[in-house]
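# Structural features, examined
So you can see what is in the structure, the chains are spelled out below.
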There are 2 protein chains.
Amino acid sequence: MKQIKYPLNDIEIPRQWYNIMPDLPKGLLPPLHPATGQPAGPDDLAPLFPMALIEQEVSQDRWIDIPEEVLDILVKWRPSPLIRATSLEKALGTPAKIYFKYEGVSPAGSHKPNTSIPQAYFNMKEGVKRIATETGAGQWGSALSLACNYFGIEAKVYMVKISYEQKPYRKILMETWGGSVTPSPSNETEAGRKILAENPDSNGSLGIAISEAVEDAAGREDTKYALGSVLNHVLLHQTIIGLETKKQFALANDKPDVVIGCCGGGSNFFGIAAPYVLDKINGENVDILGCEPAACPTMTRGHFHYDFGDSIGMTPLLPMHTLGHTFMPPSIHAGGLRYHGMAPLVSEILREGLMRAEAFDQVDCFKAALLFARCEGIVPAPESSHAIRGAINEALKAKEEGKEKSILFLLSGHGHFDMSAYDAYLSNNLVEYDLPEAEIERAWNAIKDLPEAAEF
Amino acid sequence: MKQIKYPLNDIEIPRQWYNIMPDLPKGLLPPLHPATGQPAGPDDLAPLFPMALIEQEVSQDRWIDIPEEVLDILVKWRPSPLIRATSLEKALGTPAKIYFKYEGVSPAGSHKPNTSIPQAYFNMKEGVKRIATETGAGQWGSALSLACNYFGIEAKVYMVKISYEQKPYRKILMETWGGSVTPSPSNETEAGRKILAENPDSNGSLGIAISEAVEDAAGREDTKYALGSVLNHVLLHQTIIGLETKKQFALANDKPDVVIGCCGGGSNFFGIAAPYVLDKINGENVDILGCEPAACPTMTRGHFHYDFGDSIGMTPLLPMHTLGHTFMPPSIHAGGLRYHGMAPLVSEILREGLMRAEAFDQVDCFKAALLFARCEGIVPAPESSHAIRGAINEALKAKEEGKEKSILFLLSGHGHFDMSAYDAYLSNNLVEYDLPEAEIERAWNAIKDLPEAAEF
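About the cut-offs
Residues numbered from 1 in each chain as written. Chains lettered and ligands numbered in written order. Predicted model: local features only at pLDDT ≥ 70, side-chain atom pairs only at ≥ 80, totals over all residues. Heavy atoms only, no water. Helix = DSSP H or I, 4+ residues; strand = E, 2+ residues; numbered from the N terminus. Rg over C-alpha atoms; globule rule 2.2 N^0.38 Å. Buried < 20%, exposed > 50% of the residue type's maximum accessible area, 1.4 Å probe, protein only. Contact = heavy atoms within 4.5 Å. Buried area = accessible area lost by both parts, 1.4 Å probe. Salt bridge = Lys/Arg side-chain N within 4 Å of Asp/Glu carboxyl O. Nonpolar A, V, L, I, M, F, W, Y, C, P; charged D, E, K, R; others polar. Polar contact = N/O pair within 3.5 Å; in protein donor to acceptor, adjacent residues only side chain to side chain. 1 Å grid on protein atoms, 1.4 Å probe; cavity = no way out; pocket = protein on both sides within 12 Å on 5 of 7 lines; lining within 4 Å. Points joined across faces, edges and corners; volume = space filled by probe spheres on them. pLDDT = per-residue confidence, 0-100. Pairing = 2+ DSSP bridges. Axes fitted to C-alpha atoms, helices over the stretch in contact; angles between N-to-C directions. Phe/Tyr/Trp six-rings, centres within 6.5 Å; stacked < 30°, edge-to-face > 60°. Core = buried A, V, L, I, M, F, W, Y, C linked by side-chain atoms within 4.5 Å.

### Details of the overall build of chain A
A tally of helices and strands in chain A yields 18 helices and 14 strands. Against the compact-globule benchmark of 23 Å for 456 residues, chain A has a radius of gyration of 21 Å, which places it among compact chains. Along the first, second and third principal axes, the C-alpha atoms of chain A reach 60 × 50 × 50 Å. Out of the 456 residues belonging to chain A, those deemed buried represent 64%.

The following block contains the structure:
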């Protein structure tokens, strides 16, 4: 048996989140009010978020305490394990060491509870009784239902109708934790009724579900809104992943040469990368790689520009890498990576050259996921398979170069609720998408008149 | 935050299994050959199992080494965590401490890989190229597919047809690990063809699937058979659970007053209980409780008698608590607990008064599972919910009596592939089964002429 015991769990859980804001070489551009085009302040966000989260959104403090009540819940499954993928290394014949940090051990099966728990907590502290949110594939809706349940808050989840129908298990999971799930578009909001009037058979979209959740929250005194990625405070909460990983690498007496994560809205990637980005800012040599789907290539084919966070154009304008908020990605199985933009914090470190990005086709990703599942046992979420693809590519490069490097990737979740995607892959029914330049051009042209991010 | 960090993982993995055979006060009655009625020897089992496993089946050595190659795989997820259910304690208002050992962290989501990995290993060592087995709900077929994949063995799984059709995700999981899944009854065996000739629309049963797998293995030189519970060597492999738990309790500076597990064939229960049964044999005061479904009350309403291991009557006769091999339990959601008998080792400790048994209705179990899921986050497998019901009952008893006892239960797996059962519970569509005495009598009468277990 290997001398070093894996999984490595024997560390203390971090008691503070790492806020990268004060360490960013050029700081972060502000969000803009959609109506005035002027920087949006805390007051603009107050109808939707509790003040504690708004303060985190703009804080310049490097370290922010994790409340004891939040830690009491996170310790039920954290620290999450750091595992050496010895069987995968052997299968690849690589001299590289491959490590993965595994977030699938959370009850919701992904990294999402790292932020849903504190979000529900801070809402509870400010007397919020009800939280409205949207969910596509269901990962975020599950995590928020779990979290609201802990703090006695009602969770109202608008779930994209096509997912609601195709993924009944995700819906039951939310209900098991007490969440209330409504297929979107619904008759419960103006936005939903408007869509249904135009098209009673609408399958819904994440954009529509966001509109419904925001309208719901804005219209009720007892209700706030919650988001599972993109915003600064969400990414802040995910830094617990990277902080744990650094401690675990110290136990293993090693450190990663490459740090890899998959990128949808950007929160799981940022969670593992943030502490290593700081090392890089401080002059250390570490390669940080974000992996996105070729079907939604925000970082590799998008522009850094102000754009709306939602598809309809209701939210503040955010400075980010974006394909344009009207871009509709093909229906790849990695539902969590189908977002037109990228978190402003991730966009900023990309712009600064502190990370790099690659795009992979889903067939290549499932091929990597299957090899991983057969080597390490764990069946990965389709989203996480993009990080595996990236890690395998790096390991094969190390083999070619004869280099003994250490590769770290984040396995953000398991695929227990995505087995139909594996079925499609195993039966050769998975589609490779060729994204036409014309569609990229169309979506980009539609936002060219919004403010340039360079103006500020 | 609590002073003691949970989950408790920081222990070395055990390097030996605990074999209770030499410590049993009266030893174990032998299996009998079905044709002669005489004790069955190793040679009778040789067509079906590799010699190393047959030796474990009859070994009188207290400690048996776990091979390094097996440990190399088990450490990918072991030691499994021991977690204090602090939120459940709070919800119950009990002075008791509730701990659970969680086996859902394995890639297959249950305790089954603890034995499928060594079984595949010992088969590989003796040159076996292919293993045939049966699976009902799919837990065991998944675990064996995972294990065979590690050691380059072909896994052939006969899956009860009704489950094959109702649980497509389990089938895909097996295929993801390279297993080959055939709905049973099939045209590939005599047994299957015979059933299909009589009834082309047969839904199949575990009994039929066992017959197909045994016939397949017996008829091919390169193929052996594997079983996921009941037999001594299977229970031996599961003792790693209890051995880890004892070390983890030492870390917590505590020890359990009650040890609880759910009972189907008996392997997960025995896995956590065995080291505590030894304590009890040595005079320590520990209450050991097996929880079974009221719909299949092997220990609470069955007889200790020789009976066939399968439903058709092909296997050796085993000395065990049994309802009779023709007993057909109602279709409860805990598919893994629908077995007419109980492992001989568990039956023996029950007969010796070293443990006690209780039976619970599935509606009461799902009620307990839902409370657990809302408190601790993890969604339990329907099988494991029986242990939760037992633990909650003990915690409420401790509350009435004002006792600060420590309660330990085994959470043998997660319910990610059983969400439809939660849907049934949440929509009040779950059935309470009233098992008529006449059916118990009928099945018992059908085996009365088999040898009495007291004869030896």
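Continuing now.
### Points about the interface of chain A and chain B
Where the parts come together, the accessible area they lose is often given as the size of the interface. Contacts between the two partners involve 48 residues from chain A and, on the opposite side, 48 residues from chain B. Of the roughly 4,300 Å² buried at the junction of chain A and chain B (both faces included), carbon and sulfur atoms supply 55%. Put simply, chain A and chain B have two salt bridges between them. Ionic pairing is found between Lys76(B) and Glu376(A), a salt bridge with its closest N-O pair at 2.7 Å. The set of elements that each furnish at least two residues to the side of chain A that touches chain B consists of helix H3 (68–74), helix H4 (86–92), helix H6 (139–150), helix H8 (168–176), helix H15 (362–376) and helix H17 (419–426) of chain A. Taken together, the residues that form the side of chain A that touches chain B break down as 25 nonpolar, ten polar and 13 charged.

### Description of the pattern of salt bridges
A side chain of one charge can pair with a side chain of the opposite charge when the charged atoms of the two come close. Residue and element names in this part refer to chain B. If you walk through the whole model with that rule in mind, you get 52 salt bridges over all chains. The residue Lys-97 makes a salt bridge to Asp-254 at a minimum N-O spacing of 3.1 Å. With a gap of 157 residues between them, Lys-97 in strand E4 (residues 97–102) and Asp-254 in the loop between helix H11 (232–251) and strand E9 (258–262) connect regions that are remote in the sequence. Using a relative accessible area of 27% as the deciding quantity, one classes Lys-97 as partly exposed. Asp-254 gets classed as buried once you look at its relative accessible area, which sits at 19%. The partner of Asp-216 in a salt bridge is Arg-130, and the shortest N-O contact between them spans 2.8 Å.

### Looking at the side chain of Ser59(B)
Residues and elements named next belong to chain B. If you trace the backbone, Ser-59 turns up in the loop between helix H2 (51–58) and strand E2 (63–65). A distance of 3.0 Å separates the side chain of Ser-59 from the backbone nitrogen of Asp-61, its partner in a polar contact. Among residues more than four places away in sequence, those in contact with Ser-59 are Asn-19, Met-21 and Ile-64.

### Description of empty space enclosed by the protein
A full pass over the atoms with the stated rule returns twelve cavities of 30 Å³ or more. Estimates place the volume of the largest cavity at around 350 Å³. If you go around the largest cavity, you meet 27 residues; those closest to its centre are Asn9(A), Pro81(A), Val105(A), Pro81(B) and Val105(B). Mapped onto the lining of the largest cavity, the elements with two or more residues apiece are strand E4 (97–102) of chain A together with E4 of chain B. Classifying every residue of the lining of the largest cavity by side-chain character gives 20 nonpolar, three polar and four charged. Estimates place the volume of the second largest cavity at around 210 Å³. As for the second largest cavity, its lining consists of 18 residues, and the residues nearest its centre are Gly104(A), Val105(A), His414(A), Gly104(B) and Val105(B). For the lining of the second largest cavity, the residue count by class is ten nonpolar, eight polar and no charged.

### Here's the deal with the confidence of the model for chain A
Per-residue pLDDT for chain A averages 94, and the proportion of residues at 70 or more is 98%. The ipTM for the predicted assembly is 0.93, set against a pTM of 0.95.

### Some words on the sheet that holds strand E5 (residues 130–135) of chain B
Residue and element names in this part refer to chain B. Taken together, four strands build an open sheet; the order of strands is E7-E6-E5-E8 and the sheet is parallel. Strand pairing shows two members of the sheet lacking a second neighbour, strand E7 (180–184) and strand E8 (223–225), which therefore form its edges. On average, adjacent strands in this sheet sit at an angle of 25° to one another, irrespective of strand direction. By the bridge criterion, five bridges tie strand E6 (residues 154–160) to E7 in an arrangement that is parallel. In the strand pairing of E7, Val-157 is matched with Val-181. On the sheet, helix H6 (residues 139–150) packs against E5 and E6 and is oriented at approximately 165° with respect to E5.

### Considering the packing of aromatic side chains
Residue and element names in this part refer to chain B. Summed over the entire model, instances satisfying the criterion amount to 21 aromatic pairs over all chains. Ring centres 5.1 Å apart and planes at 80° place the aromatic pair Phe-100 and Phe-372 in the edge-to-face group. With Phe-100 in strand E4 and Phe-372 in helix H15 (residues 362–376), this pair connects stretches of sequence that are 272 residues apart. Since its relative accessible area comes to 1%, Phe-100 is described here as buried. Taking the relative accessible area as the measure of exposure, Phe-372 reaches 0% and is therefore buried.

### A look at the nonpolar core
Grouped together as the largest cluster of nonpolar side chains are 103 residues, with contacts concentrated most on Ile117(B), Tyr225(B), Ile288(B) and Val346(B). A total of eight residues in this core trace back to one element, the largest contributor, which is helix H12 (residues 267–281) of chain B. Apart from the residues within four sequence positions on either side, Ile288(B) is in contact with Val259(B), Phe269(B), Ala273(B), Tyr276(B), Val277(B), Lys280(B), Leu354(B), Met355(B) and Arg356(B). Counting 102 residues, the second largest nonpolar core, distinct from the first, contains Ala226(A), Ile241(A), Leu278(A) and Val379(B).

### Quick notes on the sheet that holds strand E3 (residues 82–84) of chain A
All names here are of chain A. Read across the open sheet, the six strands follow the order E3-E4-E14-E9-E10-E13; overall the sheet is mixed. The sheet terminates laterally at E3 and strand E13 (356–360), the two strands that pair on one side only. The average angle at which neighbouring strand axes cross in this sheet is 25°, direction not considered. When E4 meets strand E14 (residues 406–411), the two strands line up parallel, connected through six bridges. Pairing of Tyr-99 across the sheet is with Leu-408, part of E14. Strand contacts of helix H12 (residues 267–281): E4, strand E9 (258–262), strand E10 (287–293) and E14, with the helix running at about 155° to E10, the strand carrying the most contacts.

### With respect to the pairing of E6(B)
Residue and element names in this part refer to chain B. Of all seven residues in E6, six are buried; the element is thus mostly enclosed. In the sheet, E5 pairs with E6 via six bridges, with the strands oriented parallel. Paired with Thr-135 across the strands is Met-159, a residue of E6.

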